[in-house]
Each structure stands twice: as C-alpha cells, then as structure tokens.
Amino acid sequence: MSVVFGNTEYCPHFFVTLVQVTFSFFDMQMEEHNSTHLQISSGIDMTDFSEELVRPTTEDEQGEPSVRSGSGMCFPWLQNHIESIASGGKQEKDFAQTTSACLSFIQEALLKHQWQRAAEYMHSFLQILEDTDSNKRQGAPEIIWRLGSEILYYHPKSSVETFNTFADRMKNIGITNYLKISLQHALYLLHHGLLEDANRILTQAETWRYGEKSSSQEVLVNLIQAYKGLLQYYSWSKKKMELSQLDKDDYAYNTASQNMLNHSWKTSVNLCTLIQIPGVWDPFVKSYVEMLEFYGDRDGAREVLNNYAYDEKFPSNPNAHVYLYNFLKREKAPREKLISVLKILYQIVPSHKLMLEFHRLLRKSDKQEHHKLGLEVLFGILDFAGCTKNITAWKYLAKYLKQTLMGSHLAWVQEEWNSRKSWWPSFHFSHFWAKRNWKDDKTLACEKALVAGLLLGKETSCRSGWLDSGETV
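Residues numbered from 1 in each chain as written. Predicted model: local features only at pLDDT ≥ 70, side-chain atom pairs only at ≥ 80, totals over all residues. Heavy atoms only, no water.

An unreviewed UniProt entry lists the protein chain under the name TATA box-binding protein-associated factor RNA polymerase I subunit A isoform X2, with Odocoileus virginianus given as the organism.

Structure (structure tokens):
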C-alpha cells in the first residue's frame, strides 16, 4: 500500500510520521493527558470506544513496541494496529470503526467548542492516512486539513507559527488540495494582519500546477489571483490617500500618481478575469469599479456593474443592484433609471434599508402606478420583524395613508390591508405592544397609533389600547 507523488514513492508510514511532526501542537496538548490511550482490538465496538479512549495504559501494554509522536509520547495501540494492517490482519473492521468514531468525537467537540478535546482526538484520527480503502485514504488529507485548521484557528494555545507549519505540511501531503489550502492559509494570515506573508503565499500558489490543468484548478487560480489583486488594491488605496494630500504642482505628486497607475494596472489584470466568471464577487467588483471610476472610465464601470446585476448566468445578488444604484446616483442618472434598479432590489429584499429611499423616489414620480407601488413598499418593509421599530417607516406610512385616502384611492389601501388584517393587529397593534412602545419610545407609539386608527378604525384601536389615552397613548 503506497502513494506516489511525482517520481517519489512514499509508504503510508511516512505519512504517519510526517503528520505527527506537523501535529506536534496536538502532542503538546496531549501531554497534559498522557494516560489517555486507545487500544484497538477485535473486542472493541463503537459503544466501547469512548471508554477505551480514556483507559490508562496497562503494564502489558507498556512492554509492547510502540510508535512515538513528535513530542516523544508513546502510542502502543498505534504500533499494534500498523502491524495488523501490514500483515492483512483481522482488525480492518475495527480500524474503520475506530476512525469513524474518532471523527464523530472530533465533530462533536468542535460543535461544543471544546478545542482541547478535539486536539486530543485529532491525534488518534491521523491513522486514517493508512486506511486500506483507497478512497478514504485519498480523501483523508482534506479532512485532516479542515478539522486541524479549525482547531488551530480557535485553540487558545495555538499560534501563527503553528498554523503556518501545519499548512505547509498539509500542502505537501494533500497535493491535489494545494491551491485550496494555500488560499485558506493566506486568508488566515490576512485575518492576523500579515499582508506581506499572505501575498507571498498567494504568489507561490499562483504559479503552482499539478498534472493537467483542470477547470476547477483554473477557477482556484483565478480566485487566488483576485485575492492578490485585493492586496494590490489595498496598496493602491493607501497611495490614493497619500496622493490626495499632495499639491498637484509638486514633483512628488507626479511620482505618486505614476506609482498608483502601475498598481492599478496589476490589480485590474488580477480582478478582471475573476469577475467575468459567474459567482458572487462583491469585494472584487467594488474594488475594480472604484479604480475604473478614479481613472475616468465610467463606461467601463457601468458595463461591469450592469453585467454583475443583470447577467442571467450570475446568481441573484442584492448587492449587485445596490452597487449599480449607488453608481447611477453618483452619475446623477434620471429618476426613472434609479427606480428601475431599486424595483428589482425590492423584489429580492423588500426590507432593505434602501427601500425608504425607493419610496421617496416613487412618491416624487408623476405616475400613479409608482404612487401605488410606494404604498406597497411601506407595507412590505413593516412586514418584517426587524423593521417593527423603524420610526421613519411608520411616519412615512402614517403620512402616506392619509394622502392616499384623501386622494380617493381607498382601493389601494384595501388591497394591501386585506392580506394583512389577519396578522398585523397582533403583530403590530396588540395591547402588549401598545404598552411596550409607549414605555420605550413615545414618538414611535404615536405614529403607530395613528396608523392603527386609519387601518383598524378608532373603536378597534381603543379596545387594543392604542388610542386609549387613559392607559397608553
């Protein structure tokens, strides 16, 4: 049983040794619990595993040959098991049960944020690299990476150096996962503010190839280049800020301007390829559009945003319409154009914070259909629990209901109210909310009382406590 990388053949025992060195961190954590051992024998089933894991080592086991971890810890059970697998013993079923149970314990520990416990189980799980099932063995490096990186990210005794060592080793073991691991490694470094180190990792990954170039590899390379572009955008932004503080007649201004131009060219090359692939690329699109606008290429920026918002190949994305709307606002586009963009956003996210602005645009329109839609938008916002205390929305609704009714458009109000009269009274206008709103925010309570009076009628509103001045408002 062996695995071939390039022209070099490694036996499975090499992987155990290599990953044990990588997991020296986990070894150090286990030294605090050095009486915890796992014996794999034909008599152990799934229910016995957790008890067996915490059983102290017996005198017989202490005299047996054992495998030592990178920190010098003894694991007699591991040596026994390696010999069993090598000789085609009867314990293969127990091996599979053990690794499966160990994985379950790790997942449970992660869900409960028990990082120390997860690290201990992780050391035992490394046996999966010697699984006789080739499919499990090939998938093992990615599983180890995902679990190990999660543990190292959150463990209180972990460090950047430990994570770096783990990532570098896992790139060599999980050769087909090199690009994924490199990208996640870079993001980890970015999270810790190590921009230069992250850029170095991305640069190395950018030129890496393994076998024939697959479509999945190509997407990952584009993503890596795009993240590298974001780092370049960050440098460009700093230079842009420095440039704004210089006098245009100063020689330093021309030098800084040229440096910015060089950075923008590199960044645009890295970003442009990715944002043409269908997907959600918000930070990359925003950065690219900002640079295009800065250099006066408004047509190019508009084309990028239009494609991002309207191309059917791209998934539905509210932010795409937000970016396009904000761009059109900066361009002072006609009201009709702004309304058309926000109308699509309304269909995707009726409670978006831009919906109040959408209502104002509709209210200013000369078209009756827009005025009707303006009422629908306000009701739509207040359908959501997160907007129930939005005093601006209640003010707008109170004012607009009066205008609509005075404009002889009772049918518009009835159309919106008919689908809500069965649940809005308890959702917004209950006696409980009348008391709570009056206590927390009297202005909000007054606006809601006005709306309740218009929708429920004075008598019903009084019974609910909204218009009873002796008890609430």
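Having seen it, we continue.
Asks: Sorry, what's going on with the packing of helix α15 (residues 298-310) against helix α16 (residues 318-330) here?
Replies: Axes are the key here: two packed helices are described by the angle between their axes and the distance separating the axes. Running from N to C, α15 and α16 cross one another at 150 degrees; their axes reach a closest spacing of 8 Å. Compared by their axis directions, α15 and α16 come out roughly antiparallel. For the pair α15 and α16, the sense of crossing is left-handed. Contacts between α15 and α16 involve Arg298, Ala301, Arg302, Leu305, Asn306, Tyr308, Ala309 and Tyr310 from the first element and Ala320, His321, Tyr323, Leu324 and Phe327 from the second. Class assignment for the residues of the contact of α15 with α16 results in nine nonpolar, two polar and two charged. (Axes fitted to C-alpha atoms, helices over the stretch in contact; angles between N-to-C directions. Helix = DSSP H or I, 4+ residues; strand = E, 2+ residues; numbered from the N terminus. Parallel < 35°, antiparallel > 145°, perpendicular 65-115°, else oblique. Left-handed = near helix turned anticlockwise from the far one by under 90°. Contact = heavy atoms within 4.5 Å. Nonpolar A, V, L, I, M, F, W, Y, C, P; charged D, E, K, R; others polar.)

Asks: Teacher, can you tell me more about empty space enclosed by the protein here?
Replies: Empty pockets left among the atoms are what a rolling probe the size of a water molecule brings to light. Going through the model one piece at a time under the given rule, you end up with two cavities of 30 Å³ or more. Taken as a whole, the second largest cavity encloses approximately 30 Å³ of empty space. Lining the second largest cavity are Glu142, Trp145, Arg146, Asn177, Lys180, Ile181 and Gln184. Contributions of two or more residues to the lining of the second largest cavity are made by α8 (134-154) and α10 (178-191). For the lining of the second largest cavity, a count of residues per class yields two nonpolar, two polar and three charged. (1 Å grid on protein atoms, 1.4 Å probe; cavity = no way out; pocket = protein on both sides within 12 Å on 5 of 7 lines; lining within 4 Å. Points joined across faces, edges and corners; volume = space filled by probe spheres on them.)

Asks: I would appreciate a short explanation of the packing of aromatic side chains in the present structure.
Replies: Working definition: an aromatic ring pair is given by the centre-to-centre distance plus the angle between the planes. For the structure shown, the criterion picks out 24 aromatic pairs. Between Trp145 and Phe163, the aromatic rings sit 5.8 Å apart at their centres with planes inclined by 70 degrees, giving edge-to-face as the arrangement. One end of the pair, Trp145, is in helix α8; the other, Phe163, is in helix α9 (residues 160-173), and 18 residues separate them in sequence. Since its relative accessible area comes to 3%, Phe163 is described here as buried. Measuring from centroid to centroid gives 5.1 Å for Tyr227 and Phe284, while their planes differ by 85 degrees, and the two rings are edge-to-face. You can see Tyr227 sitting in helix α12 (residues 215-244) and its partner Phe284 sitting in helix α14 (residues 282-294), a full 57 residues away along the chain. What makes Phe284 buried here is its relative accessible area of 2%. Each residue in the set Trp115, Trp145, Tyr153, Tyr154, Phe163, Phe166 and Tyr188 is aromatic and connected to the rest through ring pairs, giving one cluster. If you follow Arg363 out to its NZ or CZ, it ends over the ring of Tyr396, 5.2 Å from the centre. When the ring centre of Trp438 is taken as reference, the NZ or CZ atom of Lys442 above it lies at 5.3 Å. (Phe/Tyr/Trp six-rings, centres within 6.5 Å; stacked < 30°, edge-to-face > 60°. Buried < 20%, exposed > 50% of the residue type's maximum accessible area, 1.4 Å probe, protein only. Lys NZ or Arg CZ within 6 Å of the ring centre and 35° of its normal.)

Asks: Is there a simple way to think about unusual backbone geometry in this case?
Replies: The bulk of non-glycine residues show a negative phi, and the bulk of peptide bonds are trans. Positive phi is not limited to glycine here, since His113 has a value of about 60 degrees. Residue position: His113 is located in the loop between α6 (92-111) and α7 (115-125).

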